[in-house]
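What follows is each chain in one-letter form.
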Amino acid sequence: HTAVRLNEVIVSRSHDARLVVVNLPGPQKSPTCDSNYMEFLEVLTEGLERVLMVRGGGREVITIYS
């Protein structure tokens, strides 16, 4: 399972971190996947004290200051 393997890598590399920042994976488009999505997130963050999940819009934003 993908979440289990990702969790193993995150925990092994960040076991002493006070905060872990990860990309919030997007849910699948199927309406029956809601509980699976929440389970995926729980497995992904298991064993981590504090996690900040960040979700972007998928587009690069460039701001020009003049």
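Everything discussed here concerns the structure shown above.
Residues numbered from 1 in each chain as written. Predicted model: local features only at pLDDT ≥ 70, side-chain atom pairs only at ≥ 80, totals over all residues. Heavy atoms only, no water.

> Where do I start with the pattern of salt bridges in this structure?
In this structure the tally under the stated criterion is one salt bridge. The closest approach of N and O atoms between E8 and R5, which form a salt bridge, is 3.3 Å. Taken together, the residues E8 and R5, both in helix 1 (residues 2–14) and three residues apart, mark about one turn of the helix. (Salt bridge = Lys/Arg side-chain N within 4 Å of Asp/Glu carboxyl O. Helix = DSSP H or I, 4+ residues; strand = E, 2+ residues; numbered from the N terminus.)

> Honestly, the side chain of N7 in this entry has me stumped. Any pointers?
Looking at where N7 falls in the secondary structure, it is placed in helix 1. On the basis of relative accessible area, N7 is assigned to the buried category, the value being 12%. A polar side-chain atom of N7 sits 2.9 Å from the main-chain carbonyl oxygen of L44. Setting aside residues no more than four positions away along its own chain, N7 makes contact with V43, L44, T45 and E46. (Buried < 20%, exposed > 50% of the residue type's maximum accessible area, 1.4 Å probe, protein only. Polar contact = N/O pair within 3.5 Å; in protein donor to acceptor, adjacent residues only side chain to side chain. Contact = heavy atoms within 4.5 Å.)

> Where do I start with the pairing of strand 1 (residues 20–23) in this structure?
Both faces of the sheet carry side chains from a regular strand, because those side chains alternate between them. Here strand 1 shows one buried face, formed by V20 and V22, and one open face, formed by V21 and N23. Bridge count between strand 1 and strand 2 (residues 51–54): four bridges; the pairing is parallel. When the sheet's bridge partners are listed, N23 is paired in strand 2 with V54. (Pairing = 2+ DSSP bridges.)

> Would you explain the environment of F40 in this entry?
Examined against the element boundaries, F40 turns out to sit in helix 2 (residues 34–45). C-alpha of F40 to C-alpha of H1: the two residues are 39 residues apart in sequence and 9.3 Å apart in space. With sequence-adjacent residues up to four places away left out, F40 is seen in contact with H1, T2, A3 and P25.

> Can you walk me through the nonpolar core in this structure?
General note: in soluble globular proteins, nonpolar side chains tend to be found buried as a group. Counting nine residues, the largest nonpolar core is built from A3, I10, V20, V22, Y37, F40, L41, L44 and L48. Broken down by secondary-structure element, the contributors of at least two residues to this core are helix 1, strand 1 and helix 2. With four residues, the top contributor of residues to this core is helix 2. Apart from residues lying up to four places away in sequence, Y37 is in contact with L24, P25, G26 and P27. (Core = buried A, V, L, I, M, F, W, Y, C linked by side-chain atoms within 4.5 Å.)

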